[in-house]
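In case you want the letters, here they are:
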Amino acid sequence: MSASIPPIPAPAPVIGYRIPSLGWRILGGALRLVPLVVLLVGLPVAALTFLESQGISLPVPILTVEVGGIVITILIVARYIWKPTLAYGPLSIATSAATLVYLWVILVDATYHLAIPNANVGISLGYGDLILLLMVGPALALAAGALTTIEDIRSPKERLPYDFPP
Amino acid sequence: MSVASPIYRRPPRPPGIYRAARGLRRAALIALVLVLLYVGIVAYSAVEVVKSSPGVGNSSTTMDSNGTVAISTSFTLPNSGFFPIQQFALHFRILNTTGDVLVASTVGPTDIPAGSNQSIPVELYFPLTGGGASLLTENQYLQWQVWGNATYGYLFAISIDIATEKSWGAPFANLSVRVGTPSGGNGSTVVPVSVTFSNDASFSDSGSLDFQVVPASGPDCGQGSFVLNVPSNSPFSQTQNIAVASGCDPSGGHVAAEYVTPGSTVPLPSEAIP
């Protein structure tokens, strides 16, 4: 007579994670800082300064671009450094929100007026639709940040094995 | 049939909320890259359109049959880019020296498909009555306000404003009609009528200049007609003796003249007789 043995349920997989030290994360953040500053501050300010030197009125004040670019850069770097912590979600939301506000400031007067001196010719370029389209990205990222925040509140460290696989 | 490796165990599927957040982040990145790529293509395409040299064709000015001066030209816009030029429209506003609006006209809107070379006809009609009456006899500078707008690459609204002054040459510049002293007798009295002007227009005056000598009171004194075939930028000066009714005294009256072509009759400013 043979007795049937009930199947033994497989144990829940335990996967680990390897979080880089704070020092490494700061180093990684500093390395990201360079291209971010070039992309978000250096290039736009250089372009606007060139336009201003040619006597062309600027679509956005240089100070707005500088402040906006620096704030977004700092938030992106901070989000990277604090990725393993509960601050990651709120920092993602803050980054996206700052980007949306920055784009909204540009959207308010999204018409570029170019007056050609001594020619009585004026050219206007409206780029409001482009800015609206650019806002799609940060809006999606904002939603992603909100989901991450909810996930971190409900199950802290649940995402770490996937964000920092061993 | 796949066999699970006893050594390698696939990591478990991430939780749904994590996958959703990751998906949104990837979608955001893809959206940003696509938008920037699209803007780059639109910018390149727009440069190609500008390099293809849009321009204004030859213009011709004619006296139209309905008593207006018609300026005909064309605007050529080769669209060598990748995107259509949508809702392209040109607006014209032309004012005379005193600020009267002579022409307010719009051409379009029209769509210019990508890869096409479209010529858009432009017809402007200047009235020769009311505020436009001075165009017949006074050389002047006209204020041209031209603006155009279009949408390019589905996203960018472009508009161009041009304000310029263009000289206008009158077809009967400095028109002068002089009535001389009546002479004659024996029941027939004639009066010399001299007409001088300069055709400073870009078109010739062809037709006739009909006139009536109107006294200050009473019936018309008489009438006559000059045959006109005055080329552009040429003077005209002729005198004609016309028979006038007996007892007619043109002093204090005026000469009413009109330019008659096969298709139209345009009244000219009346000239007072001293």
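The structure displayed is predicted, hence computed values, not measured ones.

About the thresholds
- Residues numbered from 1 in each chain as written.
- Chains lettered and ligands numbered in written order.
- Predicted model: local features only at pLDDT ≥ 70, side-chain atom pairs only at ≥ 80, totals over all residues.
- Heavy atoms only, no water.
- Domains from an automatic or database assignment.
- Contact = heavy atoms within 4.5 Å.
- Buried area = accessible area lost by both parts, 1.4 Å probe.
- Salt bridge = Lys/Arg side-chain N within 4 Å of Asp/Glu carboxyl O.
- Polar contact = N/O pair within 3.5 Å; in protein donor to acceptor, adjacent residues only side chain to side chain.
- Helix = DSSP H or I, 4+ residues; strand = E, 2+ residues; numbered from the N terminus.
- Buried < 20%, exposed > 50% of the residue type's maximum accessible area, 1.4 Å probe, protein only.
- 1 Å grid on protein atoms, 1.4 Å probe; cavity = no way out; pocket = protein on both sides within 12 Å on 5 of 7 lines; lining within 4 Å.
- Points joined across faces, edges and corners; volume = space filled by probe spheres on them.
- Phe/Tyr/Trp six-rings, centres within 6.5 Å; stacked < 30°, edge-to-face > 60°.
- Lys NZ or Arg CZ within 6 Å of the ring centre and 35° of its normal.
- Pairing = 2+ DSSP bridges.
- Axes fitted to C-alpha atoms, helices over the stretch in contact; angles between N-to-C directions.

A word on the domain arrangement of chain B. Residue and element names in this part refer to chain B. Segmenting chain B into domains produces domain 1 (55-168) and domain 2 (173-272). Taking only C-alpha atoms into account, the centre of domain 1 sits 36 Å from that of domain 2. Taken residue by residue, the interface counts twelve residues in domain 1 and 13 residues in domain 2. Where domain 1 abuts domain 2, roughly 1000 Å² becomes buried across the two surfaces, and 68% of that area is made up of carbon and sulfur atoms. Scanning the region where domain 1 abuts domain 2 turns up zero salt bridges. The tally of links from domain 1 across to domain 2 stands at three residue pairs in polar contact (both at pLDDT 80 or more). Elements that contribute at least two residues to the side of domain 1 that touches domain 2 include exactly β2 (60-63) and α2 (134-137). Looking at the side of domain 1 that touches domain 2, the element that brings in the most residues is β2, giving three residues.

This part takes up the environment of B:Ala257. Residue and element names in this part refer to chain B. Looking at the element boundaries, Ala257 is found in strand β15 (residues 254-261). Given the relative accessible area of 6%, Ala257 is considered buried. Measuring from C-alpha to C-alpha, the distance between Ala257 and Leu228 comes to 13 Å, with 29 residues separating the pair along the chain. Not counting residues up to four positions away in its chain, the partners in contact with Ala257 are Leu209, Asp210, Phe211, Pro267 and Leu268.

All names here are of chain B. With respect to the helices and strands, the residue Ser72 is situated in strand β3 (residues 68-79). When its relative accessible area of 19% is taken as the criterion, Ser72 is described as buried. Engagement of the side chain of Ser72 in a polar contact is seen with the side chain of Glu123, the distance being 2.9 Å. With residues near it in sequence (within four places) discarded, Ser72 still touches Asn58, Ser59, Ser60, Val122 and Glu123.

Let's shift gears to the interface of chain B and chain A. The partner chain A presents 29 residues to the 28 residues of chain B that form the contact. Summed over both sides, the interface between chain B and chain A buries roughly 2500 Å², with carbon and sulfur atoms accounting for 70% of that surface. It is B:Ile17, B:Tyr18 and B:Leu155 that lose the most area in chain B upon contact with chain A, and together they represent 24% of the buried surface on that side. Counting every contact that joins chain B to chain A gives five residue pairs in polar contact (both at pLDDT 80 or more).

A word on the layout of surface pockets. The computed volume of the second largest pocket comes to approximately 170 Å³. Around the second largest pocket, the lining residues are A:Leu51, A:Tyr112, A:Leu114, A:Ile123, A:Ser124, A:Leu125 and B:Ile158. If you list the elements that add at least two residues to the lining of the second largest pocket, you get β1 (111-116) and β2 (121-126) of chain A. Sorting elements by how many residues they give to the lining of the second largest pocket places β2(A) first, with three residues.

This part takes up the pattern of salt bridges. All names here are of chain A. As enumerated under the stated definition, the model contains two salt bridges over all chains in all. Arg159 is the partner of Asp163 in a salt bridge, and the nearest nitrogen-oxygen pair spans 2.8 Å. A relative accessible area of 15% places Asp163 in the buried class. Counted as one network, the salt bridges with shared partners bring together Asp152, Arg159 and Asp163.

This brings us to the packing of aromatic side chains. A full pass over the atoms with the stated rule returns 13 aromatic pairs over all chains. Plain terms: the ring middles of B:Tyr38 and B:Phe83 are 5.4 Å apart, the flat faces sit at 75° to each other, and that makes the pair edge-to-face. Remark: B:Phe83 occurs in the loop between β3 and β4 (85-95) and B:Tyr38 occurs in helix α1 (residues 16-51); sequence separation between them is 45 residues. The buried category is assigned to B:Phe83, whose relative accessible area is 10%. Directly above the ring of A:Phe164 sits A:Lys83, whose terminal nitrogen or CZ lies 6.0 Å from the centroid. Directly above the ring of B:Trp144 sits B:Lys166, whose terminal nitrogen or CZ lies 5.8 Å from the centroid.

Residue and element names in this part refer to chain B. Strand order across the open sheet formed by four strands is β13-β12-β15-β16, with antiparallel pairing between neighbours. Both edges of this open sheet fall to β13 (222-230) and β16 (264-272), since each of them pairs with a single strand only. Strand-to-strand, the axes of this sheet are offset by a mean angle of 20°, without reference to chain direction.

Moving on, we get to the pairing of β2(B). Residue and element names in this part refer to chain B. Of the two faces of β2, only the one carrying Thr61 and Met63 is buried; Ser60 and Thr62 on the other face are not. Bridge count between β2 and β3: four bridges; the pairing is antiparallel. Across the sheet, Ser60 pairs through a bridge with Ser72, a residue of β3. Hairpin remark: β2 followed by β3, antiparallel, with four residues in the connecting loop; positive phi at Gly67, about 75°.

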